[in-house]
Protein chains: 2
Amino acid sequence: MERKVNGMEIKRYKHDAAYSYTLGMALTIELISQKDIYPIRKIYVHPDYVPKDNKYNMFQICKEAQLPMEVNQKAFQRLSTKENVYVIGIFDKRDRNIEPGKQHVVLVNPSDSGNLGTILRTGLGFGFRDYVIIKPSVDIYDPKTIRSSMGAFFHVRFTCYDSFEQYRQRFSDRQIYLFMLDGKINLKDLKERPRKTPFSLVFGNEGSGLPEIFHHYGDSIYIEHNHEIDSLNLSVAFGIAANAFSESL
Amino acid sequence: MERKVNGMEIKRYKHDAAYSYTLGMALTIELISQKDIYPIRKIYVHPDYVPKDNKYNMFQICKEAQLPMEVNQKAFQRLSTKENVYVIGIFDKRDRNIEPGKQHVVLVNPSDSGNLGTILRTGLGFGFRDYVIIKPSVDIYDPKTIRSSMGAFFHVRFTCYDSFEQYRQRFSDRQIYLFMLDGKINLKDLKERPRKTPFSLVFGNEGSGLPEIFHHYGDSIYIEHNHEIDSLNLSVAFGIAANAFSESL
């Protein structure tokens, strides 16, 4: 079945587009490994692309997987601002709903696509596969997020909610850990971790953190640091927390 | 004493320039607090700048500190690619040599100015003030590094070396901890930390890590994660390590 999409129709990513794309060889290989979840519209290959070896020969990979492939320089001028990008994969957006019984990471109003991608990469490495995003937020399908996730995007599930309250109502029987600058428990003192109840790690926006009212939702935790800095970078704070909680998975 | 520098002479940052600059109000206030170390050439204020309150009134701050100030729109067009920047501070680069008796962070060939800035911010928060950079590397004076450090740049010391060997010879009596994907000790199992000998935490390049040969320099450590990701982001890995070692400071 031939898709209607051709080179001229694909434009630089916009939030309301039905598709997104991978920029670069490694990311596109991750996409292809998940093509049953994310249908691939087309693989663009740059005219200057030269396969390094058989394992990473995009022509062969596309042939074997029966994927529509096109050698096209214009697509790269339109979609990529970076040099050294020789392969682009266009795929349909699909929602991959989070699983109720699993540990969740909840990001309230994340505003930086680089941080979001790094969080997916870090979280996947520590075993977290289910991500909740409370809007307004950056777009998880943004090619910048996918790129900074180093491909982790394709291996996690995520659901967006309009408010934390909405998420909380849908998943009520969970242990909630809130990461806040004025949290009540030092992460290092938190020895007892839940073994049976699923839990959620909740993080606020890069600039403003979690609003005061969140104290009511669960146990608030802080990561101890001195007062020479206002706060830790969000993806660094998440990394420290995810590493600590990975023992409980 | 009037400096020769005027608006027209200041150009977008280059590695070989004798000056660098802060983009934004908060960063410029951090710079002014360290003006005895980093001589300030000029503070540029955007014509649209409106002081929010007396504490953060740049006109008043410059007057009180007797700093050369200029309202100048062109400087912003030249130096800033971001919106919402209304204040720029031009300062002389100065080397702030690391101290021998302190704990060091050694970054071997860091290649991303955002990561480097985030590392300074994170490290300062966990008490690390001395940074060694092994060249080739990104430029620590790059305005992008300073910006992503959120001002931590002005509160740390740093020295560049051409090779790790050179650093090692200069500071020979130290405990060396090398962070490597194939490290021998799990960070979580490292219970005994040095209390008396100063130590150095060593991290490799974002893409390639530390070369194999580094195993000979000290104890190699890994941060445990699963194999769904190739590695952690450098600044995330550093954050986890700095948090763990902050107890030893």
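Rules used in this analysis
- Along every chain, residues carry numbers that run from 1 in the direction the sequence is written.
- Throughout, the order in which chains and ligands are written sets their labels, letters from A for the former and numbers from 1 for the latter.
- Local features in a predicted model are, by the rule used here, given only for residues with pLDDT of at least 70; side-chain atom pairs are given and counted only at 80 or more, and totals for whole chains, interfaces and linings are based on all residues.
- Excluding hydrogens and water, the side-chain figures rest on all heavy atoms present in the structure.
- A least-squares superposition brings the copies together, and it is based on the C-alpha atoms of residues with pLDDT no lower than 70 in both.
- In this analysis, two residues are considered to be in contact whenever any of their non-hydrogen atoms come within 4.5 Å of each other.
- The secondary structure listing takes helices from DSSP runs of H or I that are at least 4 residues long and strands from runs of E that are at least 2 residues long, numbered from the N terminus.
- Each helix should span, by expectation, one fewer than its residue count multiplied by 1.5 Å.
- Relative accessible area decides the class of each residue, using a 1.4 Å probe on protein chains only: under 20% of the type maximum gives buried, over 50% gives exposed, and in between gives partly exposed.
- Axis angles are defined between N-to-C directions and span 0 to 180 degrees, where every axis is a line fitted to C-alpha atoms and, for a helix, only to the segment in contact.
- Oblique is the label for every angle not falling under 35 degrees (roughly parallel), over 145 degrees (roughly antiparallel), or within 65 to 115 degrees (roughly perpendicular).
- If you view the pair so one helix is near and one far, a crossing is left-handed when the near helix is turned anticlockwise from the far one by less than a right angle, and right-handed when it is turned clockwise.
- When residues are grouped by polarity, Ala, Val, Leu, Ile, Met, Phe, Trp, Tyr, Cys and Pro land in nonpolar, Asp, Glu, Lys and Arg in charged, and all others, Gly among them, in polar.
- Two strands are counted as paired when DSSP detects at least two bridges linking them.
- As a working definition, buried area equals the accessible area (1.4 Å probe) given up by two parts on being put together, with both sides summed.
- Should a side-chain nitrogen of Lys or Arg be within 4 Å of a carboxyl oxygen of Asp or Glu, the pair is scored as a salt bridge.
- Patch criteria: residues need more than 30% relative accessible area and no salt bridge. Like-charged residues are merged within 9 Å; nonpolar side chains of Val, Leu, Ile, Met, Phe, Trp and Tyr are merged within 5 Å.
- Residue exposure ignores everything except the shown protein chains as possible cover, and the areas themselves are Shrake-Rupley values with a 1.4 Å probe.

A.B. asks: Help me understand the relation of the copies chain A and chain B, please; the structure alone is not making it clear to me.
C.D. replies: Copy one and copy two of the chain differ by a rotation about a common axis and a shift along it. When chain A is fitted onto chain B, the two copies agree to an RMSD of 0.0 Å after a turn of 180° and an axial shift of 0.0 Å. What the rotation and shift describe, once combined, is the action of a two-fold rotation axis. The fraction of interface residues of chain A whose copies in chain B are also interface residues reaches 96%, indicating that both copies meet through the same surface.

A.B. asks: For this particular structure, what's the right way to read helix H7 (residues 234-245) of chain A?
C.D. replies: Residues separated by three or four positions in an α-helix point in the same direction, a consequence of the helix having 3.6 residues per turn. Residue and element names in this part refer to chain A. With 12 residues, H7 ought to run about 16 Å at 1.5 Å a step, and its terminal C-alpha atoms sit 16 Å apart, in line with that. Burial analysis of H7 places 12 of its 12 residues in the buried class, which makes it a mostly covered element. Considered for burial, the residues of H7 that qualify are Leu234, Ser235, Val236, Ala237, Phe238, Gly239, Ile240, Ala241, Ala242, Asn243, Ala244 and Phe245.

A.B. asks: Can you help me understand the packing of H7(A) against helix H7 (residues 234-245) of chain B in this one?
C.D. replies: The packing of two helices is summarised by the inter-axis angle and the distance between the axes. The contact between H7(A) and H7(B) brings their axes to 8 Å, and the two run at 60°. If you check the angle between H7(A) and H7(B), you find them oblique. Crossing handedness for the pair H7(A) and H7(B): right-handed. Contacts between H7(A) and H7(B) involve A:Ser235, A:Val236, A:Gly239, A:Ile240 and A:Asn243 from the first element and B:Ser235, B:Val236, B:Gly239, B:Ile240 and B:Asn243 from the second. Among the residues forming the contact of H7(A) with H7(B), the class breakdown is 4 nonpolar, 6 polar and no charged.

A.B. asks: Before we go on, may I ask you to explain the sheet that holds strand E1 (residues 19-23) of chain B in this structure?
C.D. replies: Backbone-to-backbone hydrogen bonds join strands into a sheet, with any given pair of strands oriented parallel or antiparallel. All names here are of chain B. An order of E1-E4-E2-E3 is seen for the 4 strands of this open sheet, with the pairing classed as mixed. Of all the strands in the sheet, just E1 and strand E3 (69-71) have a single pairing partner and so form its edges. Adjacent strand axes in the sheet meet at a mean angle of 20°, parallel and antiparallel pairs treated alike. Of the strand pairs in this sheet, strand E2 (residues 40-45) and strand E4 (residues 87-92) are connected by 5 bridges, and their pairing is antiparallel. Residue pairing in the sheet places Tyr44 in a bridge with Ile88 of E4. Each of E1, E2 and E4 touches helix H1 (residues 25-33); the most contacted strand, E4, lies at about 35° to it.

A.B. asks: Would you take a moment to explain the interface of chain A and chain B for this structure?
C.D. replies: Between chain A and chain B, the contact holds 26 residues from the first and 25 residues from the second. Where chain A abuts chain B, roughly 2,200 Å² becomes buried across the two surfaces, and 52% of that area is made up of carbon and sulfur atoms. Area buried by chain A at its contact with chain B is led by A:Arg121, A:Lys188 and A:Glu228, which between them contribute 25% of it. Summed over the shared surface of chain A and chain B, the result is 2 salt bridges. Two residues, B:Glu228 and A:Arg129, come together in a salt bridge whose shortest N-O distance is 2.2 Å.

A.B. asks: Is there a simple way to think about the sheet that holds strand E5 (residues 104-108) of chain B in this case?
C.D. replies: Residues and elements named next belong to chain B. Read from one edge to the other, the open sheet built from 7 strands follows the order E7-E6-E5-E10-E8-E11-E9, with strand pairing classed as parallel. At either end of the open sheet lies a strand with only one pairing partner, and these are strand E7 (157-161) and strand E9 (185-186). In this structure, E5 lies alongside strand E6 (residues 130-134), joined through 5 bridges in parallel fashion. The partner of His104 across the bridge, within E6, is Asp130. Relative to the sheet, helix H4 (residues 113-125) contacts E5 and E6, its axis offset from that of E6 by approximately 155°. Each of E5, strand E8 (175-179), strand E10 (199-203) and strand E11 (219-222) touches H7; the most contacted strand, E10, lies at about 160° to it.

A.B. asks: Would you take a moment to explain the side chain of B:Ser149 for this structure?
C.D. replies: All names here are of chain B. Within the secondary structure, Ser149 is located in the loop between helix H5 (143-148) and E7. When its relative accessible area of 1% is taken as the criterion, Ser149 is described as buried. Setting aside residues up to four positions removed in sequence, Ser149 forms contacts with Gly117, Leu120 and Arg121.

A.B. asks: Teacher, can you tell me more about the side chain of B:Ser113 here?
C.D. replies: Residue and element names in this part refer to chain B. Its place among the elements puts Ser113 in helix H4. Ser113 sits in the buried class, given a relative accessible area of 12%. Not counting residues within four places of it along the chain, the set of residues in contact with Ser113 comprises Val138, Lys144, Thr145 and Ser148.

A.B. asks: Quick question: what am I supposed to make of a nonpolar patch on the surface here?
C.D. replies: A cluster of nonpolar side chains, A:Phe59, A:Met69 and A:Val71, forms an exposed patch at the surface whose accessible area comes to about 230 Å². Within the secondary structure, A:Met69 is located in strand E3 (residues 69-71).

Everything listed here is a matter of geometry and, on its own, says nothing about what the molecule does.
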